[in-house]
Each structure stands twice: as structure tokens, then as C-alpha cells.
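So the chains spell out like this:
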Amino acid sequence: ALKVLEIVERDGLEKNAREVGAFLKDGLERIQRDHSDVVRAVRGLGMMIGFELAAREEIPGFAASEKPASAQFVNCLHNAGVLTVPSGTQVIRLLPALNLTQAEAEEGLTKIESVVRAARG
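Just so we're clear, the structure is a prediction, and the values are computed from it rather than from any experiment.

How each quantity is defined
Residues numbered from 1 in each chain as written. Predicted model: local features only at pLDDT ≥ 70, side-chain atom pairs only at ≥ 80, totals over all residues. Heavy atoms only, no water. Buried < 20%, exposed > 50% of the residue type's maximum accessible area, 1.4 Å probe, protein only. Helix = DSSP H or I, 4+ residues; strand = E, 2+ residues; numbered from the N terminus. Pairing = 2+ DSSP bridges. Contact = heavy atoms within 4.5 Å. Axes fitted to C-alpha atoms, helices over the stretch in contact; angles between N-to-C directions. Core = buried A, V, L, I, M, F, W, Y, C linked by side-chain atoms within 4.5 Å.

## A short note on helix α1 (residues 2–10)
Here comes step 1: Of all nine residues in α1, zero are buried; the element is thus mostly exposed.
Here comes step 2: Gly12 sits one or two residues past α1 and shows a positive phi near 65°.

## Overview of the sheet that holds strand β2 (residues 48–53)
Here comes step 1: Taking strand neighbours across the sheet as the criterion, the four strands line up as β1-β2-β4-β3 in an open arrangement whose pairing is antiparallel. Both edges of this open sheet fall to β1 (39–45) and β3 (85–86), since each of them pairs with a single strand only.
Here comes step 2: Strand direction decides the pairing type here: β2 and strand β4 (residues 91–94), joined by four bridges, are antiparallel. Each residue of the ladder has a partner; that of Phe51, found in β4, is Ile92.
Here comes step 3: Taken strand by strand, helix α2 (residues 13–34) contacts β1, β2 and β4, and its axis lies near 170° from that of β1.

## Describing the nonpolar core
Here comes step 1: Ranked by size, the top nonpolar core spans 29 residues in total, and within it Leu28, Val39, Phe51, Leu53, Ile59, Phe73 and Ile112 carry the most contacts.
Here comes step 2: Going through the elements one at a time, α2, β1, β2, α3 (69–80), β4 and α4 (102–119) are the ones with two or more residues in this core.
Here comes step 3: By residue number, the principal contributor to this core is α4, which donates six residues.

## A short note on the environment of Glu19
Here comes step 1: If you trace the backbone, Glu19 turns up in helix α2.
Here comes step 2: Relative accessible area serves as the criterion here: at 46%, Glu19 is assigned to the partly exposed category.
Here comes step 3: Along the backbone, Glu19 and Glu113 are 94 residues apart, and their C-alpha atoms lie at a distance of 21 Å.

Spatial relationships are all this shows, so hold off on functional conclusions.
Now the structure itself:
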């Protein structure tokens, strides 16, 4: 555990988590504003970020399936190359590595937005 803390401090990972986490959260909030019919809320701190989806029945691309919206969305993200996990039936949880770069975060946001657009039907 001490070695991990040493590396976090040595590599400035705490600062990176704050800065890239804020960038991710801002990007997700923009997606939420632009697509509030699919993404209802964004919350989190640092790199621990989640976003809440509308109910499955309210998302045209997901309405025909009995799977929860979060499970369907995560499957689409995985196909797009973004590793995430569902948290309940309507929340997607992002837990990226602390050394995620802003360029990588931007690529992830682009892929998330493309999945949101596809889900709209």
C-alpha cells in the first residue's frame, strides 16, 4: 500500500485525477445538456463519475429489450471500446485509471456521445 501511495505522489496521479476527472465530468454534463432525453444526470468526484440514463422505455433504441438501460448502454460502450460497468438499472459508472490522459478522456467522451446518439433511434 505504501508503494502505491509513493507512485501516486511521484507521478502526480492525484492532480491528474482531479484535472482529467473535471474534464470528463464537464464533457458528460455537456452530453447531458445536449441529450437530456437519454442522459438525465451526471455526478461524481475525481475519476469516480457516474451518469444516470432515462428509463429503458424512454430510450427508443433500448425500449424493445427487457434488459435494463444500463446493461444495454454498457454493452454498446464495450462494442465501441469503452470499458464501463452498470450500477443499478439506469446508472453507468466510469472508473478510469488514474493516469488517463485528457486525449484519452476526449476519445472516450466522443464514443459515449456516439452511443447516446445511436440509442436515441
